[in-house]
Amino acid sequence: MMIPRQEFRARRAQLNASLKQGSVAIIPAADLLYRNSDTEHHFRQNSDFHYLTGFDFPEAIAVFIPNRAQGEYVLFNQPKNAAAERWTGIRPGQKGAVDEFGADESFPIGSLEEKLPELL
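Residues numbered from 1 in each chain as written. Predicted model: local features only at pLDDT ≥ 70, side-chain atom pairs only at ≥ 80, totals over all residues. Heavy atoms only, no water.

1. A word on the pattern of salt bridges
Working step 1: Summed over the entire model, instances satisfying the criterion amount to 5 salt bridges.
Working step 2: In this structure, the salt-bridge partner of D99 is K95, at a minimum N-O distance of 2.4 Å. With D99 and K95 both in helix α4 (residues 93-99), this residue pair falls 4 residues apart, about one helical turn.
Working step 3: Judged by relative accessible area, D99 falls into the partly exposed class, the value being 40%. (Salt bridge = Lys/Arg side-chain N within 4 Å of Asp/Glu carboxyl O. Helix = DSSP H or I, 4+ residues; strand = E, 2+ residues; numbered from the N terminus. Buried < 20%, exposed > 50% of the residue type's maximum accessible area, 1.4 Å probe, protein only.)

Structure below.
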């Protein structure tokens, strides 16, 4: 069953409305779990993360910042990478995070340490 984008938007709005003034919510996606050195278990997203974002990919972090002028929902996720996608499947990248999953802004997960302090 496909959940409409506006449902995720409404869930995020409800979360942001419930946060106290000056609060920020940081919610990580689930990690890939490996059966052995090169075989992965079937990926299952963190339920809280999926409930708010609909984003079903690993190595991502959602940041919710109520009343932020540039947007309240920032997603850090894996960038597009044709070589890696050949083996692991297509990634939405930063453009897909915004266009397909409703993030106000998206940055590569590798820039988290640099960008997160700016957001806070």
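From this point, the discussion proceeds with the structure in view.
2. Regarding the nonpolar core
Working step 1: Counting residues in each nonpolar core, the largest one holds 15 residues, and the members touching the most others are F49, F55, A60, A62, F64, Y73 and L75.
Working step 2: Elements with a contribution of two residues or more to this core: β1 (25-28), α2 (47-53), β4 (61-64) and β5 (73-77).
Working step 3: Setting aside anything within four residues of it in sequence, one finds F49 in contact with I27, P28, A29, G54, F55, A60, I61, A62 and L75.
Working step 4: Membership of the second largest hydrophobic core comes to 9 residues, among which are V74, F107, L112 and L116. (Core = buried A, V, L, I, M, F, W, Y, C linked by side-chain atoms within 4.5 Å. Contact = heavy atoms within 4.5 Å.)

3. Things to note about the environment of N46
Working step 1: With respect to the element layout, N46 can be found in the loop between β3 (39-40) and α2.
Working step 2: Classification of N46 as partly exposed rests on a relative accessible area of 25%.
Working step 3: For the pair formed by N46 and K20, sequence separation is 26 residues and the distance between their alpha carbons is 24 Å.
Working step 4: With residues near it in sequence (within four places) discarded, N46 still touches P28, A29 and A30.
Working step 5: From its side chain, N46 meets the backbone nitrogen of D48 in a polar contact 2.8 Å long. (Polar contact = N/O pair within 3.5 Å; in protein donor to acceptor, adjacent residues only side chain to side chain.)

4. Some thoughts on the side chain of Q78
Working step 1: Relative to the elements of secondary structure, Q78 occurs in the loop between β5 and α3 (82-88).
Working step 2: Since its relative accessible area comes to 14%, Q78 is described here as buried.
Working step 3: At 3.0 Å, the side chain of Q78 forms a polar contact with the side chain of E59.
Working step 4: In terms of polar contacts, Q78 uses its side chain to reach the side chain of R91, at 3.2 Å.

Read these as geometric descriptors, not functional statements.
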